[in-house]
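What follows is each chain in one-letter form.
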Amino acid sequence: MFRAEEQQSRNRIDRMPRKEAASNGDRMAAGYLSRMSRLLKGPLLVVLCLAVLCASVIGIGTTGAPAVAAGAETQADTKPKVFQFMAYNDKVDSYQDELRLDLVLRVPHKEFDPNCVALGQTTPAASRGCSLSFLYQYSGSDQPRRFRRSRYINTMGRKGANSYDGALAWARNQDEAFTVHEIINSGVYDYLAISIEGDLDYTDTKSSIDAYKTGGSKQELAVYAVIDHDRQGRNILCGDAVWNYGDDMCGTFNPDSLDSARSVNIMDAIGERGTRLYMQNCRTSGGAKYCSGPASFVGWDGHPLLWSGRQTNWGLVTDFGFPAGNNNPAVPEGVAPAKSFFVYWYNVGGPGSSKNPGCTENTSFKYQWVGLKNNTWVPVKALTPKAVEVQGQPAGYSSPGSASGSEQGAAYNDRPRAAGSSRAKTNNLFAVNDAGEPMPAQRPDGSIDFKLAKSMQGLDGYFKLLTWPITKDANGQICKTTTQVEKDTYNPEAGIENLDAKEVEHRMQTAWTIDTAFYRYSVNPPQAPTINSIDGTGLGSGGAVWADNLTPTISGTCQPAVDPQTPNRVTLFGENPAKPISANNPDESDNRGFAIGTVACVPNDARNPNKGGTWSIRDDNTAYPSKGVNTDMGRRRYHAWITEHSTGYNLTSGFSNLATARFAAQHEAAPVVQAITVPHTRKGVLPAGSAVRVEGTARPTYLAGNDTNLSDSRLEVFMVQSSSGAETSLGTSGEHDFSTSTPSGGSTPVGHIVIEPVTEGHVWHWKIDINPLVFLNAFDGSPGSEQYTFGARLVNPAGKPSGDARKDQMVDMTPTDPGIIGADWQTVSGRAVMKGTETVDANAKVTVTWPSNQAGRTSDTVMSGADGAWAVLLPSGIEPGEVSVTVVDSNGNQSEPYKQYLDVAPPLDGLPLAGAPKHTTLLLVFSLVLLVALTCAWLRRRREFTPPAS
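**Q** Help me get a handle on the overall build of the protein chain, residues and values and all.
**A** A count of helical and extended segments in the protein chain gives 10 helices and 55 strands. Here the analysis covers contacts within the protein chain between residues at least 6 apart in sequence; of these, 69% occur between residues at least 24 apart. For the protein chain, the accessible area works out to roughly 43300 Å², and carbon and sulfur atoms hold 52% of it.

Next up, the structure:
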């Protein structure tokens, strides 16, 4: 019922108040410096010493300091250590003297193997391989070297038809034995929940009157827990010889022969309190009677007769349930059968005197089931939220051990009898509420559901029954006591409900502990820390991250200690490939790996530790052997635990979540852009499904493979338009496109990358088709708006980019407008420009198709000049009609047909003297002048001719 280090067994400095301890430390430091100054005779050296001391203190007190070596966080102390005393029959009746203990013992991890004997078995031969032994002082102060050895009974059942075999063996035990209920791993230690049963042999009579004083006399008791490191028993001696496993008793045992590094007297943990021996009879001296007081029978063998026929009532294992048998029904897991527990008070003594208050009868008592919750005692609310008074104990002295199997006077957890029945019995342990209805964990047949009680209240899984006497005098009145010792012995105050810790402790010490039980007991270690990120990158669903260096920093959250002077400390481990972390049992501390470092859990708010804290440790890649260093393309799994330091037990949490770092410390080689394919217009439009295709190859190094929690290196494809200079992403590959045979391909609104399966030499082919509208919408008529640089890069999973691969390409998908200027009886001509712009298109091929098939000609083709101009002469004899003009530019884009009507009749301004060509006009004028001249000459000659007379 104590934390060992919180009782008298603390060393002196531990018992000091914190401020006093600190001031003592300051005085020690000051004294040391004073002596140093006198010795060194140099003020400068004194100043240097002060500086060193100051720096040391600052370093120790800084919770945010860099990680330090794990040290004690990963190395177990070999000495067993009592973590908690849970129950102990510290008041012993000299006639019914028995040893009963429940405790939690800390031992190095896996030092004790619970399967060193078969389930439910214990024999000397089989016990030889068990490393844990308990040796206890059998006859107390009278024969201090007479020791007995306890055997181990394996009660740690496994899932299966007979998992209860060990629990049954323990319930039926009547010899010197111990069992381990649970092994709770906590870092480098295991915490063993242990019950011990054994016989004692204290002298029934004493010559000294002091042995009969009220409240019992102090009795020597030593119980040694021994780690048998060679598992052969050779380090446990009886006298000068090896104490053989077959020998239960040793009359010459010397505790000094034990290895102090592997043994401990567990009774030291309760300090001065010790064992109180109640003598079975009173002693009269000088007319006065001396009596120890009332006693509660502990029970042994079949006295009283319980459900199992033996000593069921101490450390009952309820983890597996019990089968039907001995006229008892089967009970499920977590349930203690009816008649598993009892209380029986009887009074040793007679009429009173000046030394004896005259208390002679114990016809009633109080009891209460209490349990542990977060290692603190509380009433079991599902059974006895407050102490219950029970009537009907027999008056006077009556020992249940006086007749084998006697049930006389014992109160059991049994079915209540009907009122008025000849068998009606009020003297029983049946928990009811104020209305007389059974409490939730009290089953109608008297059995007790500890599983329900644990779950309803969030208990640790350990239960014990406390009982206090109600003692009356010969007149039936509560006896009058004159001292606190008498009151605490005959009529102590009962119940621990609604009390402070000090009063709870007092009332538990005045009680007698007779019955205890376990159900899935567990200590409450600190809350495990969490790993949230590696190098600032949050963990994915699988806890894996690519790291861009071989010395990543692992960070997470944690629960700080309430006292900042003793902070909780986080220890980080990197996986040992030779002992990989088990996916089925990730909390197996044997596979914890290499200790990388330890840091304090730094509170987010120093004033309120409940707000949580943080930690961060850098793996400097030096904690591993030479063959296990972090390597590029390798991996390391990490987990962490947290250890408390406030109790002195280094109670450690389970492991955190697993975090995996895959190392991608190098840049990828740049990919290759092999080709860009640009589609062209046909008859003024792009063919359906046209796309600009960019393709190339890549050879990535960092691939996730089958690990879906990681991603491959990613391929990024981009372009740069010359006129803008801005980089535009065209697409990015998917997370696993290089690791799967059917890549999904990453995509953007611009394009969709297709990764083709690997070919020779681990070279991958990739391509991306881009919607032509991306380029057409970006074309502004300037030459630079059709000039592009296409590029690609590989970015490793940790974010390191390769160099860029680049290739220039004009993306011209705009057809040319022939720009027809004229189509007349002589020529068809125009000026070629890009459609919708004023940009000329030189060297475009212009084809004119004539209205009809004449002279064997259907069309004529010319090339546009540097200024885009072109002209086609009409063929001779062409008829009027519609001509069709198409253009194919130098990049292969074909325009739609442009129509123009052709009129072959000469215009009026083409007639003589009306605009005909000059040489024609001159010829006509010359002809006309000649005609006029000839006419004039003829007319003159006619006038001048005189005809002959008749």
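**Q** Describe the packing of aromatic side chains, with residues and values.
**A** The final tally for this structure, using the stated rule, is 31 aromatic pairs. On the basis of an interplanar angle of 50° and a centroid distance of 5.8 Å, the ring pair of Trp 243 and Phe 253 is categorised as tilted. Taken as a pair, Trp 243 in the loop between strand 11 (241-242) and strand 12 (249-250) and Phe 253 in the loop between strand 12 and strand 13 (263-265) lie far apart in primary sequence, 10 residues in all. Like Trp 243, the residue Phe 253 is buried in the burial classification. Residues Phe 738 and Trp 764 carry aromatic rings whose centres are separated by 5.5 Å and whose planes lie at 85° to one another, so their mutual orientation is edge-to-face. Residue Phe 738 is located in the loop between strand 42 (727-732) and strand 43 (751-755), and its partner Trp 764 is located in strand 44 (residues 764-770); the two are separated by 26 residues in the primary sequence.

**Q** If you had to explain the environment of Asn 185 to someone new, which residues and values would you point to?
**A** By secondary structure assignment, the location of Asn 185 is in strand 6 (residues 177-186). Relative accessible area serves as the criterion here: at 27%, Asn 185 is assigned to the partly exposed category. The spatial distance from the C-alpha of Asn 185 to the C-alpha of Ser 589 is 7.8 Å, given a sequence separation of 404 residues. Setting aside residues up to four positions removed in sequence, Asn 185 forms contacts with His 109, Asp 190, Asp 587 and Ser 589. At 3.1 Å, the side chain of Asn 185 and the side chain of Asp 190 are in polar contact.

**Q** Let's hear about the nonpolar core: which residues, and what values?
**A** Phe 341, Phe 365, Tyr 367, Trp 369, Leu 383, Phe 450 and Phe 463 are the most contacted members of the largest nonpolar core, which totals 51 residues. If you look at the next biggest cluster of nonpolar residues, it comprises 41 residues, including Leu 99, Leu 103, Val 264 and Met 279.

**Q** Go over the pattern of salt bridges, please, and point to the residues and values.
**A** For the coordinates displayed, the defined rule picks out 24 salt bridges. When the shortest N-O distance is used, the salt bridge between Arg 146 and Asp 201 registers 3.3 Å. Here Arg 146, found in the loop between strand 4 (132-137) and strand 5 (147-153), pairs with Asp 201, found in the loop between strand 7 (189-199) and strand 8 (217-219); they are 55 residues apart in sequence, far enough to count as distant. Classification of Arg 146 by relative accessible area gives partly exposed; the value is 22%. Of the charged contacts, one joins Asp 804 and Arg 806 as a salt bridge, the two residues approaching to 3.5 Å between their closest N and O atoms. Residue class for Arg 806 comes out partly exposed when judged on its relative accessible area of 48%.

**Q** Provide a residue-level description of unusual backbone geometry, including the pertinent values.
**A** A negative phi angle is the norm for most residues apart from glycine, just as the trans form is the norm for most peptide bonds. Pro 304 follows His 303 through a cis peptide bond whose omega is -10°. Turning to its location among the elements, Pro 304 is positioned in the loop between strand 17 (295-296) and strand 18 (316-317). Positive phi, close to 55°, is recorded for Asn 650, a residue that is not glycine. Within the secondary structure, Asn 650 is located in the loop between strand 37 (635-643) and strand 38 (659-663).

**Q** Lay out the state of the cysteines with the relevant residues and their values.
**A** In the structure shown here, the tally under the stated rule is 4 disulfides. Put simply, Cys 282 and Cys 291 are joined by a disulfide, and their sulfur atoms are 1.9 Å apart. The chirality of the disulfide connecting Cys 282 with Cys 291 is right-handed, given an S-S dihedral of about 120°.

**Q** Give me the side chain of Ser 263: which residues, what numbers.
**A** In this structure, Ser 263 sits in strand 13. There is a polar contact of 2.8 Å between the side chain of Ser 263 and the backbone oxygen of Asp 259.

**Q** Before we move on, can you summarise the sheet that holds strand 32 (residues 553-558) with the specific residues and values?
**A** Taken in spatial order, the 5 strands make up an open sheet running 30-29-32-36-35, and their pairing is antiparallel. Two strands lie at the open edges of the sheet, namely strand 30 (537-538) and strand 35 (602-603), each paired on one side alone. Where strand 32 and strand 36 (residues 613-618) come together, 6 bridges link them in antiparallel fashion. From the neighbouring strand, Thr 557 faces strand 36, where its bridge partner is Thr 614.

**Q** Before we move on, can you summarise the pairing of strand 27 (residues 462-472) with the specific residues and values?
**A** Two faces make up the sheet, and in a regular strand the side chains alternate between them. Across the 11 residues of strand 27, 10 count as buried, placing the element largely inside the fold. Alignment of strand 22 (residues 361-373) against strand 27, held across 9 bridges, turns out to be antiparallel. When the bridges of strand 27 are listed, Glu 361 appears paired with Lys 472. Sheet topology note: the strand 27/strand 28 (residues 512-518) ladder contains 6 bridges and is antiparallel.

**Q** Quick rundown of the side chain of Ser 555? Include the residues and the values.
**A** Examined against the element boundaries, Ser 555 turns out to sit in strand 32. Within the structure, Ser 555 has its side chain in polar contact with the side chain of Ser 616 (distance 2.9 Å).

**Q** Any chance you could break down the environment of Gly 334 for me, citing the residues and the numbers?
**A** Note that Gly 334 resides in the loop between strand 18 and strand 19 (335-336). On the basis of relative accessibility, which here comes to 0%, the residue Gly 334 falls in the buried class. Each C-alpha atom, one on Gly 334 and one on Gly 461, is 9.8 Å from the other, the two residues being 127 residues apart in sequence. In contact with Gly 334, not counting residues within four places along its chain, are Thr 318, Gly 321, Ile 448, Asp 449, Phe 450, Lys 451 and Tyr 519.

**Q** Got a sec to walk through the environment of Pro 801? Specific residues and values, please.
**A** Relative to the assigned elements, Pro 801 resides in the loop between strand 45 (787-795) and strand 46 (805-810). Each C-alpha atom, one on Pro 801 and one on Ala 670, is 8.6 Å from the other, the two residues being 131 residues apart in sequence. Other than its neighbours up to four places away in sequence, Pro 801 contacts His 667, Arg 793, Leu 794 and Val 795.

**Q** Can you break down the sheet that holds strand 2 (residues 91-93) residue by residue, with the values?
**A** The strand order across the open sheet formed by 3 strands is 2-14-8, and the pairing between neighbours is mixed. With partners counted over all chains shown, the strands left at the sheet margins are strand 2 and strand 8, one partner each. Neighbour-to-neighbour, the strand axes of this sheet turn through a mean angle of 45°, independent of strand direction. Two elements, strand 8 and strand 14 (residues 275-278), share 3 bridges in a ladder whose sense is antiparallel. Residue Gln 219 lies in a different strand from strand 14, and its bridge partner there is Thr 275.

**Q** Give a detailed account of the pairing of strand 38, specifying residues and quantitative values.
**A** Burial within strand 38 is extensive, with 5 of its 5 residues counted as buried. Across the two faces of strand 38 the burial is the same, with Ala 659, Ala 661 and Phe 663 and Thr 660 and Arg 662 all buried. Note that strand 31 (residues 544-547) and strand 38 share 4 bridges and pair parallel. Counterpart to Ala 547 in the pairing with strand 38 is Phe 663. In the sheet, strand 37 pairs with strand 38 via 4 bridges, with the strands oriented antiparallel.

**Q** Pulling in residues and values, what's your account of the confidence of the model for the protein chain?
**A** Confidence in the prediction of the protein chain, expressed as mean pLDDT, is 83, and 81% of residues score 70 or more. Below a pLDDT of 50 lies the segment residues 1-65, which in the model reaches 59 contacts outside its immediate sequence neighbourhood of four places, other chains included. Note that pLDDT drops below 50 for residues 945-950; the model gives that stretch 0 contacts with residues more than four away or on any other chain.

**Q** Report on helix 6 (residues 450-457), specifying residues and quantitative values.
**A** Of the residues making up helix 6, those classed as buried are Phe 450, Ala 453, Lys 454 and Gln 457. Buried residues along helix 6 cover an arc of 100° about the axis, so they all sit on one side. Turned more than 90 degrees off the buried face of helix 6, the exposed positions are Ser 455 and Met 456. Where helix 6 is buried, its residues touch strand 19, strand 22, strand 23 (376-379), strand 26 (448-449), strand 27 and strand 28. If you check the start of helix 6, you find a side-chain oxygen 3.2 Å away from the backbone N of Lys 451, and it comes from Asp 449. One or two steps after helix 6, the chain reaches Gly 458, where phi turns positive at roughly 65°.

What counts and how
- Residues numbered from 1 in each chain as written.
- Predicted model: local features only at pLDDT ≥ 70, side-chain atom pairs only at ≥ 80, totals over all residues.
- Heavy atoms only, no water.
- Helix = DSSP H or I, 4+ residues; strand = E, 2+ residues; numbered from the N terminus.
- Contact = heavy atoms within 4.5 Å.
- Areas by Shrake-Rupley, 256 points an atom, 1.4 Å probe, with all protein chains shown as cover.
- Phe/Tyr/Trp six-rings, centres within 6.5 Å; stacked < 30°, edge-to-face > 60°.
- Buried < 20%, exposed > 50% of the residue type's maximum accessible area, 1.4 Å probe, protein only.
- Polar contact = N/O pair within 3.5 Å; in protein donor to acceptor, adjacent residues only side chain to side chain.
- Core = buried A, V, L, I, M, F, W, Y, C linked by side-chain atoms within 4.5 Å.
- Salt bridge = Lys/Arg side-chain N within 4 Å of Asp/Glu carboxyl O.
- Disulfide = S-S within 2.5 Å.
- Pairing = 2+ DSSP bridges.
- Axes fitted to C-alpha atoms, helices over the stretch in contact; angles between N-to-C directions.
- pLDDT = per-residue confidence, 0-100.
- Arc of directions from axis to C-beta.

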